[in-house]
Amino acid sequence: TKTVLRADPKAFAAGPTSAPPGFAGFEVADAGGRAAVGAVLPGSPAAAAGLKPGDVVASVGDTPTPTPAALRDRLRLLVSGGPARFAVTRGSEELT
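Residues numbered from 1 in each chain as written. Predicted model: local features only at pLDDT ≥ 70, side-chain atom pairs only at ≥ 80, totals over all residues. Heavy atoms only, no water.

## Re the environment of Val-37
Step number 1: Summarising the element assignment, Val-37 is placed in strand 2 (residues 34-40).
Step number 2: As for Val-37 and Val-88, which are separated by 51 residues in sequence, their C-alpha atoms are 9.3 Å apart.
Step number 3: Excluding residues within four positions of it along the chain, Val-37 makes contact with Phe-26, Glu-27, Ala-29, Lys-52, Pro-53, Gly-54, Asp-55 and Val-57. (Helix = DSSP H or I, 4+ residues; strand = E, 2+ residues; numbered from the N terminus. Contact = heavy atoms within 4.5 Å.)

## Notes on the confidence of the model for the protein
Step number 1: For the protein, per-residue confidence averages 83 on the pLDDT scale, and residues scoring 70 or more make up 78% of the total.
Step number 2: Confidence scores differ between elements of the protein, with strand 6 (residues 93-95) showing the lowest mean pLDDT of 89 and strand 2 the highest of 96.
Step number 3: Overall, residues 1-5 carries pLDDT values under 50, and its contacts beyond four positions in sequence, including any with other chains, amount to 15 contacts. (pLDDT = per-residue confidence, 0-100.)

Okay, here's the thing in structure tokens:
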């Protein structure tokens, strides 16, 4: 079973913000060499999308993020206030 995680469109209605490029609102963590979500900032795009600490991030958009470094590199390319699609694994469940 797949679940779709989407941020509340109202969170992005105002357009780009003063947040730095790559701001998704979560800390990148290492889960045994895999890219994972660490702490999630309350009220952030990551929180609005339902990301949780411990989620393993397989990709951002069509770009695989197999390691924490790869995830950080991909996050730097995000446009502040723009949409982003994350494929994550939470336990045994795959989410996009």
